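Descriptive structure summary
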Amino acid sequence: MLKGIATSSGIAIGKVYKLEQPEIVINETGKGVETELEIFDNAMNKTIADIEQIKERASATLAPEELAIFDAHLMMAQDPEYRDQIENMIKEGSSADKATKTVSDMMVGMFESMEDAYFKERAADIKDVSFRLLCNILGLTIPDLTAIDEEVIIVAEEMTPSDTAQLNKKYALGFVTEIGGKTSHAAIMAVALGLPAVVGCTGIMSSCKHGDMLILDAKEGTVIVNPTEEELNDYRQRREAFLKEKEALQVLLNKPSITTDGHQVELVANIGSPKDMDNVIANGAEGVGLYRTEFLYMESTDDFPSEEDQFNAYKVVLERAEGKRVVVRTLDIGGDKKLPYFEFDPEMNPFLGYRAIRLCLDRKDIFKTQVRALLRASVYGKLAIMFPMIATIDEFKAAKDFVLETKEELKAEGVSVSDEIEIGMMVEIPASAVLADEFAKYADFFSIGTNDLIQYSMAADRMSEKVAYLYQPLNPSILRLVKMTIDGAHSQGRWCGMCGEMGGDPKAAPVLLGLGLDEFSMSASRILPTRKIITSLNKKEMEDLAGKALKCHTEAEVMELVNSVLKD
Ligand code: PEP
Ligand code: MG
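Residues numbered from 1 in each chain as written. Chains lettered and ligands numbered in written order. Predicted model: local features only at pLDDT ≥ 70, side-chain atom pairs only at ≥ 80, totals over all residues. Heavy atoms only, no water.

**Notes on the site of ligand 1**
This is how the line gets drawn: Any residue with a heavy atom lying within 4 Å of a molecule or strand is counted as near it. For this analysis, a polar contact is any N or O atom pair within 3.5 Å, provided that within protein one partner can donate a hydrogen and the other can accept it, and provided that sequence-adjacent residues contribute only side-chain to side-chain pairs. In this description, accessible areas are obtained by the Shrake-Rupley approach with a 1.4 Å probe, and a residue is regarded as covered only by the protein chains that are shown. Put simply, DSSP marks the helices as runs of H or I at least four residues long and the strands as runs of E at least two long, and each gets a number from the N terminus on. Side-chain classes are defined by residue name, with Ala, Val, Leu, Ile, Met, Phe, Trp, Tyr, Cys and Pro counting as nonpolar, Asp, Glu, Lys and Arg as charged, and the others, Gly among them, as polar.
Looking at ligand 1, there are 14 residues lining it, with Arg292, Arg329, Gly449, Asn451 and Arg462 nearest. In the model, an oxygen atom of ligand 1 is placed 3.0 Å from a nitrogen or oxygen of the Glu428 side chain. Here an oxygen atom of ligand 1 and a backbone polar atom of Asn451 are 2.8 Å apart. Considering ligand 1 on its own, with 290 Å² of exposed area, one finds that the protein chains cover 100% of that surface. Going through the elements one at a time, strand E11 (288–292) and helix H18 (450–458) are the ones with two or more residues in the shell around ligand 1. Examining the composition of the shell around ligand 1, we find that three residues originate from one element, H18, more than from any other. Split by residue class, the shell around ligand 1 holds three nonpolar, five polar and six charged.

**Thoughts on the sheet that holds strand E8 (residues 222–225)**
Quick note on the threshold: Pairing between strands is defined by DSSP: at least two bridges between them are needed. Any two residues whose heavy atoms approach within 4.5 Å are treated as being in contact. Axis definition: a line fitted to C-alpha atoms, limited for helices to the stretch in contact. Angles are taken between N-to-C directions and run from 0 to 180 degrees.
Strand order in this open sheet of eight strands is E1-E8-E7-E3-E4-E5-E6-E2, and the pairing throughout is mixed. This sheet does not close on itself; its edge strands, each paired only once, are strand E1 (2–3) and strand E2 (5–6). Set on the sheet, helix H9 (residues 229–248) makes contact with strand E3 (11–19), strand E7 (213–217) and E8; between it and E3 the angle comes to about 115°.

**Some remarks on unusual backbone geometry**
Here Ala356, not a glycine, exhibits a phi torsion of approximately 45°, which is positive. As for its placement among the helices and strands, Ala356 is situated in helix H13 (residues 356–362).

**Considering the packing of H18 against helix H19 (residues 476–491)**
What counts, and what does not: Oblique is the label for every angle not falling under 35 degrees (roughly parallel), over 145 degrees (roughly antiparallel), or within 65 to 115 degrees (roughly perpendicular). By convention, the crossing between two helices is left-handed when the near helix turns anticlockwise from the far helix through less than a right angle, and right-handed when the turn is clockwise.
At a minimum axis separation of 11 Å, H18 and H19 run at an interaxial angle of 125°. One finds that H18 runs oblique with respect to H19. Both H18 and H19 take part in a crossing whose hand is right-handed. Of the residues in H19, those touching H18 at Leu453, Ile454, Ser457 and Met458 are Ser477, Ile478 and Leu481. Residues belonging to the contact of H18 with H19 are distributed by class as follows: five nonpolar, two polar and no charged.

**Quick notes on the pattern of salt bridges**
Test applied: Any Lys or Arg side-chain nitrogen located within 4 Å of an Asp or Glu carboxyl oxygen qualifies as a salt bridge. Exposure categories follow from relative accessible area, calculated using a 1.4 Å probe and restricted to protein chains: below 20% of the type maximum is buried, above 50% is exposed, and the middle band is partly exposed.
Counted by the stated rule, this structure contains 36 salt bridges. Here Lys101 makes a salt bridge to Asp105, at a shortest N to O gap of 2.8 Å. Placement of the pair is Lys101 and Asp105 together in helix H4 (residues 96–112), with a separation of four residues, close to one helical turn. For Lys101, a relative accessible area of 33% puts it in the partly exposed group.

**Focus on the domain arrangement of the protein chain**
As a reminder of what qualifies: The source of the domain bounds is an automatic or database domain assignment. Buried area is calculated as the accessible area (1.4 Å probe) missing from two parts once they are joined, with the contributions of both summed.
Taken domain by domain, the protein chain comprises domain 1 (2–21 + 144–227), domain 2 (33–138) and domain 3 (261–566). Computed over C-alpha atoms, the centres of domain 1 and domain 3 are 27 Å apart. Of the roughly 1400 Å² buried between domain 1 and domain 3, counting both surfaces, carbon and sulfur atoms make up 61%. Counting the contacts that link domain 1 with domain 3 gives zero salt bridges. Between domain 1 and domain 3 we count one residue pair in polar contact (both at pLDDT 80 or more) in total. Counting residues per element, the side of domain 1 that touches domain 3 draws most heavily on helix H7 (residues 185–193), which supplies five residues. Taken together, the residues that form the side of domain 1 that touches domain 3 break down as seven nonpolar, nine polar and two charged.

**Examining the coordination of the magnesium ion (ligand 2)**
Cut-off, in case you're wondering: The donor set covers N, O and S atoms within 2.8 Å of the metal, switching to 3.2 Å for Na, K and Ca, and it leaves out water, so a site may look short of donors.
Donor atoms from the polypeptide that bind the magnesium ion (ligand 2) are Glu428 (OE) and Asp452 (OD), placed at 2.0 to 2.2 Å. Residue Glu428 is found in the loop between strand E14 (422–427) and helix H16 (430–434), and its partner Asp452 is found in helix H18; the two are separated by 24 residues along the sequence. Each member of the pair, Glu428 as well as Asp452, carries the same accessibility label: buried.

**Side note on helix H3 (residues 80–91)**
Short version of the rule: Take the residue count of a helix, subtract one, and multiply by 1.5 Å to get its expected span. Each C-beta atom gives one direction from the helix axis, and the arc is the one those directions make.
Taking 1.5 Å per residue as the helical rise, H3 with its 12 residues ought to reach 16 Å, and the 16 Å between its terminal C-alpha atoms agrees with that figure. All of the buried residues along H3 are Tyr82, Ile86, Glu87 and Ile90. Take H3 and look down its axis: the buried residues cluster within an arc of 125°, on one side only. Seen from the open side of H3, the exposed residues pointing more than 90 degrees away from its buried face are Pro80, Glu81 and Lys91.

**Some remarks on the environment of Val565**
The residue Val565 is located in helix H23 (residues 555–565) in this model. On a C-alpha basis, the gap between Val565 and Ile533 in space is 10.0 Å, while along the polypeptide they are 32 residues apart. Not counting residues up to four positions away in its chain, the partners in contact with Val565 are Pro510, Leu537, Met542 and Leu545.

**Looking at the packing of H3 against H4**
Where H3 meets H4, the axes come as close as 9 Å, and the angle between the chain directions of the two elements is 135°. It follows that H3 is oblique to H4 by the angle criterion. Classified by chirality, the crossing of H4 by H3 is right-handed. Along the contact surface, H3 presents Tyr82, Gln85, Ile86, Met89 and Ile90, while H4 presents Ala96, Ala99, Thr100, Thr102, Val103, Ser104, Met106 and Met107. Across the contact of H3 with H4, the residue classes tally to nine nonpolar, four polar and no charged.

**Focus: the packing of aromatic side chains**
Inclusion rule: For Phe, Tyr and Trp, where Trp contributes only its six-membered ring, two rings pair if their centres lie within 6.5 Å, and the inter-plane angle classes them as stacked under 30 degrees, edge-to-face over 60, or tilted in between.
Applying the stated criterion to the full structure yields 10 aromatic pairs. Taken together, a centroid distance of 5.9 Å and an interplanar angle of 80° make the contact between Tyr291 and Tyr314 edge-to-face. Here Tyr314 lies in helix H12 (residues 307–320) and Tyr291 lies in strand E11, a separation of 23 residues in the sequence. With respect to burial, Tyr291 and Tyr314 carry one shared label: buried. Between Phe387 and Phe396 the ring centres are 5.7 Å apart and the planes differ by 65°, which places this aromatic pair in the edge-to-face class. The class of Phe396 is buried, set by a relative accessible area of 1%.

Pasting the structure below:
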């Protein structure tokens, strides 16, 4: 049995699909000019056919602008100059693979050295196309997530957000990755999709092969490769019980989240795209507590999304929320979230660098497009705007002033804008948690981003499984920062939410309730289990529990307190 980090709930039992890129070994000598030319020609035809097929399959799920990437790849594969150069090298005696690699590397180098973002992007296209071409020349298979047509559990070194986005929920039973932490974006997306997943499972890649049988327990964070019949029966029963429990939660679907002594909190959802609203509605969320708009920027391949594209996305979300509050976070790019069309200067510590609101206040041109789109969409629902990574009151004031100025500008243009937009901030940098009572004089609300708040408080990279043990949401130091933030908000009559993963963590719910958190924002699939917990607790008792937790010395002590009130 292998142990990893549990990210979600559920049990998956199925065959392994190993997401592993083949290793390219170049042949120094060829099999003669004629044969090599033929190998090249066949491989090139197959490459073009492969790309066309992938595009065709992807067109069922991707938007037209997202499909443009495949056209760029096709154009590259059909470029006569590229082809001529490779064929000339083969005619001079090179093997087909060596010629392809040499010409492609040269072109990649040339495009990468250009200043223009458009040409840099072409370098990525050549890399992609030439990798496929080389695999076809060498007879190697490239795994293609969109081609999966049977139920499997994906096993990978790492899953990028775009890998996760390609997963077809009909066939992907769950996934296991070698690296990554509980708050890595792959893990967050797994929870959003409602898929069982275990991340940071060291050794999984070398312990299984394509087609092996696998059991994945996403609650315990355990993985069993090629289980015995007895283990299979045991886990089939556990899976049955889990599914029954999930079904039973449906009775709470559109019920309020009220404690046994009558205290009501809001349970809202985190989303990354307008498509996620289906899940928000299906799980009875009471609104959206975090719309991560950077995914809109990451999906675009060649330029920043236009004001019109953004306006349409925000309008859909606001309309589908039917008057419930939608908290939209402004662009949080940088750190691990990069854009193909925007170059970040290299930094030693990108997580501590030029990102999120820092970048937006510096590049008002980029910020302006988003703020205009948001304000224009505000008349279609109940919009709240939230800035990420606020460290100082000056930053918050500058961002808020910018929104208010843009609002006046739009009004002068005759565009209607709602007068009821709340403007708040994420508290995810310890400095802002410590000064929360002062921040509350300016911000309409707070939402605590515990993924980053814990990363910065513990000085432990959230992407690294080696320091994952320092992700301790229930450590008293973190609880004290959370308390400071909630009390700070309440001292000025503001509300305080939480949208980091801790907001949907069942073990944290009793303490957060006791500390007075008003709004819990989480992946939609966590709403009903959390509602079940909240409605079984007594607020007064949880206040006592939180008081004790704040005086504990270790996370383990807090966990013990929490376990005494949680039945499961
Ligand atoms: C957080 O930091 O807790 C958060 C919600 O933002 P993200 O995970 O997108 O950094
Ligand atoms: Mg964050």
